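Okay, here's what each chain looks like letter by letter:
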Amino acid sequence: MTRKYNFSAGPAMLPLEVLEQAKAAMLDWNGSGMSVMEMSHRGKEYMSIAAEAEADLREIMAIPDNYKVLFLQGGASSQFAAIPLNLLRGKDSADYVNTGAWSKKAIAEANRYCSVNVVSSTEDTKFTTVRPYESWDTNPDAAYLHYTPNETIAGVEFPFIPETGDVPLIADMSSSILSRPIDVSKFGMIYAGAQKNIGPAGLTIVIIREDLVGHAMDVCPAMLNYDIHGSNDSMYNTPPTYAWYLAGLVFKWIKEKGGLEGIAEINARKAAKLYDAIDASDFYSNPVDKDCRSKMNVPFILGNSELDGTFLEEAATRGLVTLKGHRSVGGMRASIYNAMPEEGVDTLVEMMTDFEKKYG
Ligand SMILES: *Cc1c(COP(=O)(O)O)cnc(C)c1O
């Protein structure tokens, strides 16, 4: 078996150890005589899997007791609607930061339900920076402030957490959750699609402060209502059982890596190697301001875009795949989430250096 180094932005690589464990239990989980996929979500066995996954997530992220953790379906994109439907709480305006493609989607959806106040937009820079909080045009009476700590497409990451005071802070952490420790108590709500740093697609995690739950608009569909999911332990309907189980295996893998501190150290090293290689060359470039560069998604442009196809071909011969950049940015993008081994980044850097020598 040859595993590739898959730099996809999502669905992304999963840790090999996790896949091996899932493989071993595929036909018979723990003597149950069943695959986890075949279990009733209300049965004793599955309930224990679900509870353990939640407990492990609470432990690794140090989630305070006054936060609910929900295991939902529908992707982060469903949350773009669920957020205004649940969190406007009688107000008619919400603050949004526009730092890229995912912010824009969240804004477009919120616009259906309320008046959106864009407090800061970096579209004029082609989303290559983040402006300081002091320059934002915030509304002290906003229902909440929404932002995207890591913009997956342009590779921009906030170097700070906005201090919004009494206005609840809502974060789309789809591409940066579990990449390093964060202080959950600074947030009203954190949400993430699983397919980047948590597990397989199909699972969405919502971490929400309890006082924000229970105020949904009457028109809010039951399937988007945090109170309904929360009071049913995310089992109002059939949850994404297998994805939830795999996420649980990933949480245990993170614990074995030294928790989020351990993971953060590896991630910082991986990102530094790649950015150092880009900065040291005259052939590769990354347009993002240095203090806002993403540790998870690293876009880079070749000196001659006519070589893009050749680059992708030569990378593939070394087992380096899915490096093509997003069409809105061009060039390449290496997504280096938690499960990308450090050797994958080393191999990429080596390949880039050789390619530059040959063609640069
Ligand atoms: C991938 C991604 C999304 C979309 O997630 P889905 O689960 O596909 O809906 C939203 N926001 C960010 C920041 C992402 O990276």
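For the structure itself, look to the data block above.
Residues numbered from 1 in each chain as written. Predicted model: local features only at pLDDT ≥ 70, side-chain atom pairs only at ≥ 80, totals over all residues. Heavy atoms only, no water.

Once that is clear, we can look at the site of the ligand. Taken together, 13 residues sit near the ligand, with S77, T152, D172, Q195 and K196 positioned nearest. Protein burial of the ligand: of its 390 Å² of free accessible surface, 87% is covered by the chains. Here the element with the most residues in the shell around the ligand is helix 3 (residues 75–87); it accounts for four residues. When the residues that make up the shell around the ligand are grouped by side-chain class, the tally is three nonpolar, eight polar and two charged. (Near = heavy atom within 4 Å. Areas by Shrake-Rupley, 256 points an atom, 1.4 Å probe, with all protein chains shown as cover. Helix = DSSP H or I, 4+ residues; strand = E, 2+ residues; numbered from the N terminus. Nonpolar A, V, L, I, M, F, W, Y, C, P; charged D, E, K, R; others polar.)

Turning our attention to helix 3. An α-helical turn contains 3.6 residues, so a residue and the one three or four places further along point in the same direction. For helix 3, spanning 13 residues, the distance from its first C-alpha to its last is 18 Å, which sits close to the expected 18 Å at 1.5 Å a residue. Across the 13 residues of helix 3, 10 count as buried, placing the element largely inside the fold. (Expected span 1.5 Å × (residues − 1). Buried < 20%, exposed > 50% of the residue type's maximum accessible area, 1.4 Å probe, protein only.)

Another aspect to go through is the sheet that holds strand 9 (residues 189–193). The seven strands lie next to each other as 2-10-9-8-5-3-4, forming an open sheet whose pairing is mixed. Each edge of the open sheet carries a strand with a single partner, namely strand 2 (67–72) and strand 4 (115–121). Strand-to-strand twist across the sheet, computed as the mean angle between neighbouring axes with direction ignored, equals 15 degrees. Where strand 8 (residues 169–172) and strand 9 come together, three bridges link them in parallel fashion. Within strand 9, the position partnered with A171 by the bridge is I190. Along the sheet, helix 2 (residues 44–61) contacts strand 2 and strand 10 (204–209); its crossing angle with strand 2, the most-contacted strand, is approximately 130 degrees. (Pairing = 2+ DSSP bridges. Axes fitted to C-alpha atoms, helices over the stretch in contact; angles between N-to-C directions. Contact = heavy atoms within 4.5 Å.)

Attention now goes to the packing of helix 1 (residues 16–24) against helix 6 (residues 241–256). For any two helices packed against each other, one specifies the crossing angle of their axes together with the interaxial distance. Interaxial distance between helix 1 and helix 6 falls to 9 Å at its minimum, and their mutual angle equals 130 degrees. Of the possible angle classes, the one that applies to helix 1 and helix 6 is oblique. Judged by the sense of rotation from one axis to the other, the crossing of helix 1 with helix 6 is right-handed. For the pair formed by helix 1 and helix 6, the contact residues are E17, V18, Q21 and A22 on the first element and Y242, Y245, L246, L249, V250 and W253 on the second. (Parallel < 35°, antiparallel > 145°, perpendicular 65-115°, else oblique. Left-handed = near helix turned anticlockwise from the far one by under 90°.)

Here the focus is the packing of helix 2 against helix 6. Contact pair helix 2 / helix 6: the axes reach a minimum separation of 9 Å and the direction vectors enclose 40 degrees. In this view, helix 2 runs oblique relative to helix 6, as classed from their interaxial angle. Once helix 2 is placed against helix 6, the crossing between them reads as left-handed. Residues Y46, I49, A50, E52, A53, D56, L57, E59 and I60 of helix 2 form the contact with helix 6, whose own contacting residues are T241, W244, Y245, G248, F251, K252, I254 and K255.

Another point: the nonpolar core. By size, the foremost hydrophobic cluster in this structure holds 60 residues, and its most contacted members are L57, L178, I198, I207 and F251. With 11 residues, helix 6 is the largest single contributor of residues to this core. Here this core spans two domains, and each of domain 1 (16–256) and domain 2 (259–359) adds at least three residues to it. Contacts of I207, omitting those with residues within four sequence positions, involve M61, I63, Y67, K68, V69, I177, V184, G188, M189 and I190. (Core = buried A, V, L, I, M, F, W, Y, C linked by side-chain atoms within 4.5 Å. Domains from an automatic or database assignment.)

Attention shifts here to empty space enclosed by the protein. One simple way to see leftover space: roll a probe sized like a water molecule over the atoms. Inspection of every chain in the model, using the stated rule, returns three cavities of 30 Å³ or more. Put simply, the largest cavity is a space of about 60 Å³. Taken together, M13, L14, P15, K196, N197, I198, G199, V250, W253, N338 and A339 form the lining of the largest cavity. For the lining of the largest cavity, the per-class residue count stands at seven nonpolar, three polar and one charged. Of the voids in this model, the second largest cavity is the one considered here, and its volume is about 40 Å³. Lining the second largest cavity are F71, L72, Q73, M223, H229, S234, N237, T238, P239 and P240. Across the lining of the second largest cavity, the residue classes break down as five nonpolar, five polar and no charged. (1 Å grid on protein atoms, 1.4 Å probe; cavity = no way out; pocket = protein on both sides within 12 Å on 5 of 7 lines; lining within 4 Å. Points joined across faces, edges and corners; volume = space filled by probe spheres on them.)

For the structure shown, the criterion picks out 19 salt bridges. A salt bridge links E54 to R58; the shortest N-O distance between them is 2.9 Å. On the criterion of helical spacing, the pair formed by E54 and R58 is a turn pair, its members being four residues apart in helix 2. By relative accessible area, which is 23% here, E54 ends up partly exposed. Where E59 meets K255, a salt bridge forms, and the shortest distance between an N and an O atom there is 3.1 Å. Of the two residues, E59 is situated in helix 2 and K255 in helix 6; the sequence distance between them amounts to 196 residues. A cluster of three or more residues bridged by salt bridges with shared partners is formed by E52, D56, E59, K252 and K255. (Salt bridge = Lys/Arg side-chain N within 4 Å of Asp/Glu carboxyl O.)

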